[in-house]
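The lines below spell out each chain.
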6 protein chains.
Amino acid sequence: MSDHKPSFAVFRQRLNARILEHDNLVIKRFFALDSQCYREGALDPRTKEMLGLVASLVLRCDDCVNHHLTQCDQLGVNREELFEIFQVGLVVGGSIVIPHLRRAVNFLDQIEQQNQPPNSTD
Amino acid sequence: MSDHKPSFAVFRQRLNARILEHDNLVIKRFFALDSQCYREGALDPRTKEMLGLVASLVLRCDDCVNHHLTQCDQLGVNREELFEIFQVGLVVGGSIVIPHLRRAVNFLDQIEQQNQPPNSTD
Amino acid sequence: MSDHKPSFAVFRQRLNARILEHDNLVIKRFFALDSQCYREGALDPRTKEMLGLVASLVLRCDDCVNHHLTQCDQLGVNREELFEIFQVGLVVGGSIVIPHLRRAVNFLDQIEQQNQPPNSTD
Amino acid sequence: MSDHKPSFAVFRQRLNARILEHDNLVIKRFFALDSQCYREGALDPRTKEMLGLVASLVLRCDDCVNHHLTQCDQLGVNREELFEIFQVGLVVGGSIVIPHLRRAVNFLDQIEQQNQPPNSTD
Amino acid sequence: MSDHKPSFAVFRQRLNARILEHDNLVIKRFFALDSQCYREGALDPRTKEMLGLVASLVLRCDDCVNHHLTQCDQLGVNREELFEIFQVGLVVGGSIVIPHLRRAVNFLDQIEQQNQPPNSTD
Amino acid sequence: MSDHKPSFAVFRQRLNARILEHDNLVIKRFFALDSQCYREGALDPRTKEMLGLVASLVLRCDDCVNHHLTQCDQLGVNREELFEIFQVGLVVGGSIVIPHLRRAVNFLDQIEQQNQPPNSTD
């Protein structure tokens, strides 16, 4: 398991900081709302992250897909469930979604590899 | 409560039949796959319909939103939960989603009115 | 067979005229380019209208679909061929295309009815 | 000149109220942010409404286009300027924008008719 | 001429295999339907690949464009014809398509270079 | 300050030339129209580039965003104003715009660094 964050996460964090250090109240509030959106409510965060994932997939945004995949993984959504989310995204969004599905599965493979204990014999 | 189906449902049913009576195997299989997609699996139909709803909302398709709203309603997704699905769709998809949100809430009001017993005093 | 144009075609023609009577050179040139685009070239108009149809379908624009359906019909693209264009649009664009497919088939039915001789016994 | 609001504005207002009477904080905050977004800042409201108009046009949302057209009209954006905004939307978004452009010009004609004094001889 | 597949094709093939080795029937059937879609029917595969190309271009998916460009090239669609497909995609989809058009032409240049005999004097 | 163009600009220029050296009149005219679109008219080029920027942002095209950012920067649109354009794009287009916003701010940082005199002590 690698001990450095993938470059995507580093870039994401650095540029989010750059955006928020600028004094634009609407953008700051939007970012706050975006975090608030996935918190516990009538639906639990797990379901909401699943909703965020399928929405990102049909809108075909790789970075958003990766973000929600990471969140889903941390909240215990398993591979069978993730593939059924992919399935809904694929049927709703069509074959144009496939390249994003490939990159999502590739990212998921990386996440799952990182989740394995470093001295695993697999 | 009205005893006739709304015109949207009638049109939908009639034209689906028109499409499927044509001898096009790919289209027929796609329609079958679309039904299969929301059946019990690693995720239950309720969750899958919620995924279908948010995907339809961010892709801004009123007819698809109405269809999944109807399914969600029948599977017991309540108004609080529906509004949190709307919330995810709105934050992910932006203010461009608002006109579709208005029509979704209007349709939901109609569904809930139809669900009331005919001799209700409300 | 009706002897008056459907309201869609009338609105389309009236508003195109309204747009072009305004003195905006870029818009006028765009409209001219749009007509030129489907003329005979390395590809024939029939193939180009088929391309326009599938592009309109995956971008989910009913008016554009209707326009290219009319053109395809006049250039002799038959129902079997049209359904294979729909098939490509459906697979590429996903189930979100289905409501537009329903309206396309409904419009096609209207076109074909108008094409029949008025004293047909069908 | 008609003394009743067009049905679009009535529906918009009624359903916005329906949405906001529901106790969903994220949606309420989004609506507040949406209003705040177009207020005076480094850019004036007039420029911001023009930005909102072109964004709505390329995303092909008629209701959003109508809303920003109304705002632009009230802030004194004239027909020549509006057509140049349409021009940018048309070139960026392509011919798929044309049906929305037709409806926008139709709506603009209605706005301008309503702006005329009631006893105008035109 | 290079004797190794470009990295895009290698990644595509590897991840498609990863997706299909997972036991998800809907996704597997979708992939099968996607292949079936472009086979001989009322329209020939050449026309269908052209339809797939223009649909991919207006939906702005580089990987899909590259895939259908490769298929079109193998089915004998020549550069004049490809540019007319690009032309339809550009007019329908607008200037937002241009970056994808640049990458498509770059990919086409690479395909055509690979098609040349290795001891060509060009 | 670097004396070589960034690779994006080089690729853009080389492929635009490749596209235009092909004898396709519609594509050539479209490119000409695209340039003409942002010239002085009822609106000044500065406003038009701002419109082009927000349209590119909500349509989520990084290359288009970079192009209009460069133009805006050269026409004196300052960082406060740019962030308000971003703000409109973000509210209209939703959180799906955020990854593009990050890349836009990163590109803007690069532009502003290049604008600084080479012996600046910052």
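Going by the structure above, here's the rest.
This one's a predicted model, so the numbers in the text were calculated from it and none came from an experiment.

> How would you sum up helix H2 (residues 25-36) of chain B? Please name residues and give values.
In this model H2(B) runs 16 Å from its N-terminal to its C-terminal C-alpha over 12 residues, within 8% of the 16 Å that 1.5 Å per residue would give. Residues of H2(B) that are buried include every one of Val26(B), Ile27(B), Phe30(B), Phe31(B), Leu33(B), Asp34(B) and Gln36(B), and no others. Buried residues belonging to H2(B) abut helix H5 (79-93) of chain A, helix H1 (7-21) of chain B, helix H5 (79-93) and helix H6 (98-115) of chain C together with helix H2 (25-36) of chain E. Capping the start of H2(B), Asn24(B) holds a side-chain oxygen 3.2 Å from the backbone nitrogen of Val26(B), two or three residues further along.

> Residue-level account of the interface of chain F and chain C, with values.
Opposite the 7 residues of chain F that make contact, chain C presents 7 residues. Here chain F packs against chain C, burying approximately 690 Å² in sum over the two surfaces, 75% of which is carbon and sulfur. For the chain F face of the interface with chain C, the top three residues by lost area are Val26(F), Leu33(F) and Gln36(F), together amounting to 68%. Scanning the region where chain F abuts chain C turns up 0 salt bridges. Taken together, the links from chain F to chain C amount to 2 residue pairs in polar contact (both at pLDDT 80 or more). Broken down by class, the residue content of the side of chain F that touches chain C amounts to 5 nonpolar, 1 polar and 1 charged.

> With reference to specific residues and values, describe the relation of the copies chain A and chain B.
Its rotation angle being 180 degrees, the transformation that places chain A on chain B also includes 0.0 Å of axial translation and leaves an RMSD of 0.0 Å. Here the transformation between the copies is reduced to the relation of a two-fold axis. When C-alpha distances to the rotation axis are compared across chain A, the minimum falls at Ala55(A), with a value of 2.5 Å. An overlap of 100% is found between the interface residues of chain A and their copies at the interface of chain B, pointing to a shared contact surface.

> Would you mind going over the packing of aromatic side chains in detail, with residue names and values included?
For any pair of aromatic rings, geometry is given as the distance between the ring centres together with the angle between the planes. Residues and elements named next belong to chain B. The final tally for this structure, using the stated rule, is 15 aromatic pairs over all chains. Aromatic side chains Phe 8 and Phe 107 sit 6.3 Å apart centroid to centroid with 85 degrees between the ring planes, which places their arrangement in the edge-to-face category. One end of the pair, Phe 8, is in helix H1; the other, Phe 107, is in helix H6 (residues 98-115), with 99 residues separating them in the sequence. We note that Phe 8, like Phe 107, is buried.

> Please give an account of the relation of the copies chain F and chain C that cites residues and values.
Turning chain F through 180 degrees and shifting it by 0.0 Å along the axis lays it on chain C, with an RMSD of 0.0 Å. A high fraction, 100%, of the interface residues of chain F reappear at the interface in chain C, so the copies pair face to face through one surface.

> For helix H1 (residues 7-21) of chain F, give the residues involved together with the corresponding values.
The periodicity of an α-helix, 3.6 residues per turn, causes residues three or four places apart in sequence to face the same way. For H1(F), which comprises 15 residues, the first-to-last C-alpha distance of 21 Å matches the rise-based estimate of 21 Å (1.5 Å per residue) to within 8%. What H1(F) keeps buried is the set Phe8(F), Leu15(F), Asn16(F) and Ile19(F). Summarising the axial view, the buried residues of H1(F) lie within an arc of 110 degrees, below the 170-degree limit, and thus occupy one face. Opposite the buried face of H1(F), by more than 90 degrees, sit the exposed residues Ser7(F) and Glu21(F). On its buried face, H1(F) sits against helix H5 (79-93) and helix H6 (98-115) of chain E together with helix H2 (25-36), helix H4 (62-74) and helix H6 (98-115) of chain F.

> Please set out the environment of Phe31(F) residue by residue, giving values where relevant.
Along the chain, Phe31(F) falls in helix H2. Classification of Phe31(F) by relative accessible area gives buried; the value is 11%.

> Residue-level account of the interface of chain A and chain B, with values.
Reports often express the size of an interface as the amount of accessible area lost when the parts come together. Counting residues at the interface gives 24 residues for chain A, matched by 24 residues for chain B. When chain A packs against chain B, the two sides together hide about 2300 Å² of surface, and 78% of this comes from carbon and sulfur. It is Leu51(A), Glu84(A) and Val91(A) in chain A that bury the most area against chain B; as a group they hold 24% of the surface buried on that side. Along the contact surface separating chain A from chain B lie 2 salt bridges. Where Lys48(B) meets Glu84(A), a salt bridge forms, and the shortest distance between an N and an O atom there is 2.9 Å. Counting across the interface, chain A meets chain B through 8 residue pairs in polar contact (both at pLDDT 80 or more). Within the residue set of the side of chain A that touches chain B, elements represented by two or more residues are helix H2 (25-36), helix H3 (45-58) and H5 of chain A.

Reading the values: rules and limits
Residues numbered from 1 in each chain as written. Chains lettered and ligands numbered in written order. Predicted model: local features only at pLDDT ≥ 70, side-chain atom pairs only at ≥ 80, totals over all residues. Heavy atoms only, no water. Helix = DSSP H or I, 4+ residues; strand = E, 2+ residues; numbered from the N terminus. Expected span 1.5 Å × (residues − 1). Buried < 20%, exposed > 50% of the residue type's maximum accessible area, 1.4 Å probe, protein only. Contact = heavy atoms within 4.5 Å. Polar contact = N/O pair within 3.5 Å; in protein donor to acceptor, adjacent residues only side chain to side chain. Buried area = accessible area lost by both parts, 1.4 Å probe. Salt bridge = Lys/Arg side-chain N within 4 Å of Asp/Glu carboxyl O. Nonpolar A, V, L, I, M, F, W, Y, C, P; charged D, E, K, R; others polar. Least-squares fit on C-alpha atoms with pLDDT ≥ 70 in both. Phe/Tyr/Trp six-rings, centres within 6.5 Å; stacked < 30°, edge-to-face > 60°. Arc of directions from axis to C-beta.

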